[in-house]
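# Summary of the model geometry
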Amino acid sequence: MRYRRLRMSFKVEIDLRELRPFFEQFQISHLLLTVFALHMLQIAFPTNGFVFDEAHYVPASLETLKGVGTNPAHPPLTKVFGAIGIALFGNNWFGWRFPQVLFHLGAIYLVYLIAKRFMGERLGLASAAFYSFDVLTFIHGGILVIDASSLFFALLALELY
């Protein structure tokens, strides 16, 4: 049996000038809503297991919720926010990860404010977009590890300075 190759060619032409009105109207609120929606799709996986250091931070957050100090080598801030998430939303993937999503969104906004001060509105928004979709910050912004809250407070200190 002989197979025939089917050749298809598509010619796609994009005039970048047509995209200009879209980018001129794009604001930080659009970026934050987009990242929030993507996080809501991402944080559910895996639903029945831990990612990276969540295997340590979730039990430590549960102990913090009981008032017991654990793992003194790591700062308690992330464990406290993990405990708050567990108290509000339950001991599940949403309770563990949702507070970190809020910290990631706050960090994106702070990157925008800091970059806007030095480079202007458009480049500040571009900087926030690059920060938003960086693989490390996006993934760590959706799991219970130390990075999202630490970056948020470091950027907040820089902004307030």
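Residues numbered from 1 in each chain as written. Predicted model: local features only at pLDDT ≥ 70, side-chain atom pairs only at ≥ 80, totals over all residues. Heavy atoms only, no water.

### Description of the pattern of salt bridges
- Across all of its chains, the model carries two salt bridges by this definition.
- The shortest N-O distance in the salt bridge between K66 and E63 comes to 3.7 Å.
- When its relative accessible area of 26% is taken as the criterion, E63 is described as partly exposed.
- Between R117 and E159 there is a salt bridge, with the nearest N and O atoms lying 3.0 Å from each other. Within this pair, whereas R117 is found in helix α5 (residues 93-119), its partner E159 is found in helix α8 (residues 147-160), the two being separated by 42 residues in sequence.
- When its relative accessible area of 52% is taken as the criterion, R117 is described as exposed. (Salt bridge = Lys/Arg side-chain N within 4 Å of Asp/Glu carboxyl O. Buried < 20%, exposed > 50% of the residue type's maximum accessible area, 1.4 Å probe, protein only. Helix = DSSP H or I, 4+ residues; strand = E, 2+ residues; numbered from the N terminus.)

### Comments concerning the packing of aromatic side chains
- Applying the stated criterion across every chain yields a total of 11 aromatic pairs.
- Measuring from centroid to centroid gives 6.3 Å for F81 and F153, while their planes differ by 20°, and the two rings are stacked. Linking F81 in helix α4 (residues 77-89) with F153 in helix α8, this pair joins segments that are 72 residues apart in sequence.
- You can call F153 partly exposed: its relative accessible area is 33%.
- Each member of the aromatic cluster is reached from another via a ring pair, and the members are F36, F89, W93, F94 and F98. (Phe/Tyr/Trp six-rings, centres within 6.5 Å; stacked < 30°, edge-to-face > 60°.)

### Observations concerning a nonpolar patch on the surface
- Together, V80, I84, L88 and F89 give the surface a local cluster of nonpolar side chains, amounting to about 350 Å² of exposed area.
- Tracing the chain through its elements places V80 in helix α4. (Patch = residues over 30% accessible without salt bridge, like charges linked within 9 Å, V, L, I, M, F, W, Y side chains within 5 Å. Areas by Shrake-Rupley, 256 points an atom, 1.4 Å probe, with all protein chains shown as cover.)

### Some words on the environment of D147
- Locating D147 in the fold gives a position in helix α8.
- Taking the relative accessible area as the measure of exposure, D147 reaches 27% and is therefore partly exposed.
- When the C-alpha atoms of D147 and L136 are compared, they prove to be 9.4 Å apart, with 11 residues separating the residues in sequence.

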